[in-house]
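Observations on chain architecture
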Amino acid sequence: MYVDDHTSFQPQPAPDATVWRYMDLARYLSLLQNRALHFARADQMRDRWEGSYTYQNIKARPAMYGENYELMEANRLTARTQLLQMIHMHCWHLAEAESAAMWEIYQREGRGVAVRSTWGRLTGSLATDRLVFGGKVRYIDYTKELIPEGNVFDAFMHKRDSYAHEREARLVMLTGQPVGEGNDEADSRRMEPEPSVVPVPVDLSMLVERVYVAPDAPAWIRESVEDLTRTYGFDFEVRQSDLDSDPIA
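Criteria and thresholds
- Residues numbered from 1 in each chain as written.
- Predicted model: local features only at pLDDT ≥ 70, side-chain atom pairs only at ≥ 80, totals over all residues.
- Heavy atoms only, no water.
- Core = buried A, V, L, I, M, F, W, Y, C linked by side-chain atoms within 4.5 Å.
- Buried < 20%, exposed > 50% of the residue type's maximum accessible area, 1.4 Å probe, protein only.
- Helix = DSSP H or I, 4+ residues; strand = E, 2+ residues; numbered from the N terminus.
- Contact = heavy atoms within 4.5 Å.
- Salt bridge = Lys/Arg side-chain N within 4 Å of Asp/Glu carboxyl O.
- Pairing = 2+ DSSP bridges.

Turning our attention to the nonpolar core. One finds Tyr28, Leu37, Leu171 and Leu204 to be the most contacted residues of the largest nonpolar core, which totals 41 residues. Looking at which element gives the most residues to this core, the answer is strand E2 (residues 18–24), with four residues. If we ignore the near neighbours within four places in the chain, the residues touching Leu204 are Leu31, Leu32, Arg35, Phe234 and Phe236. Counting residues in hydrophobic clusters, the runner-up holds twelve residues, among them Ala42, Ile87, Met89 and Phe156.

Tallied over the entire structure, the rule returns 16 salt bridges. One salt bridge connects Arg239 with Glu237, and the closest N-O pair in it is separated by 2.6 Å. Note on Glu237: relative accessible area 35%, which makes it partly exposed. Here the residues in one salt-bridge network are Glu50, Lys159, Glu166, Glu168 and Arg170, joined through shared partners.

Right, let's get into the pairing of E2. Among the seven residues of E2, six are classified as buried, and the element is accordingly described as predominantly covered. In this sheet, strand E5 (residues 112–118) lies alongside E2 in antiparallel orientation, the contact comprising seven bridges. Across the sheet, residue Thr18 finds its bridge partner in E5, namely Thr118. Alignment of E2 against strand E4 (residues 87–94), held across two bridges, turns out to be antiparallel. Within E4, the residue paired with Val19 across the bridge is Leu94.

Nothing here speaks to function; it is all geometry.
The structure is reproduced here in structure tokens:
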């Protein structure tokens, strides 16, 4: 279930805002087979500073936490490690047009695929009882700006401004499973991490607006992607990206 009114995820992208998911062919096949988005645990993300706070946060904490500061600081690294294992995320690129930079990251010898959707389609396609939050990542200067510390989600909705080219719209879940079977009250309150990847079912017919293959993909790859899509019962339009075409031809 998508939750759109959490304060850490405001403002929301417009429902008709275009979003892209760039991937390799194997991930596209997995999407068709499993009809699910794979949420990665925060401690598995490529940016090892996910969920970090800024230099200004460190400076402000003695005054911010007062008499609780020393206890908070003593447990900070342990708490961060645990939190990274209890957050799962799924990321999209928020832009009207294709991104040459994102193609460079995800295509390998023409074997990249991009799914085009909208924010409304994406959030409306989620078919799960889990609470899923989402919004635009904010890119800031970590030497000058402060991240709010009122909610654990805030740190995961900010990234260093050197990542601004990602233009990321992010779906986030707070995860974890109870320890034991609930017979012991203490165990019922403790949580342990879920697997590094958690699949979340989606309605692909609602989610996918169009599929693109990489700009330098040979014709047989586009044809294979089309055939694969039809084999799994979908009629998404499959296009070749025109980023490599002559803009004045």
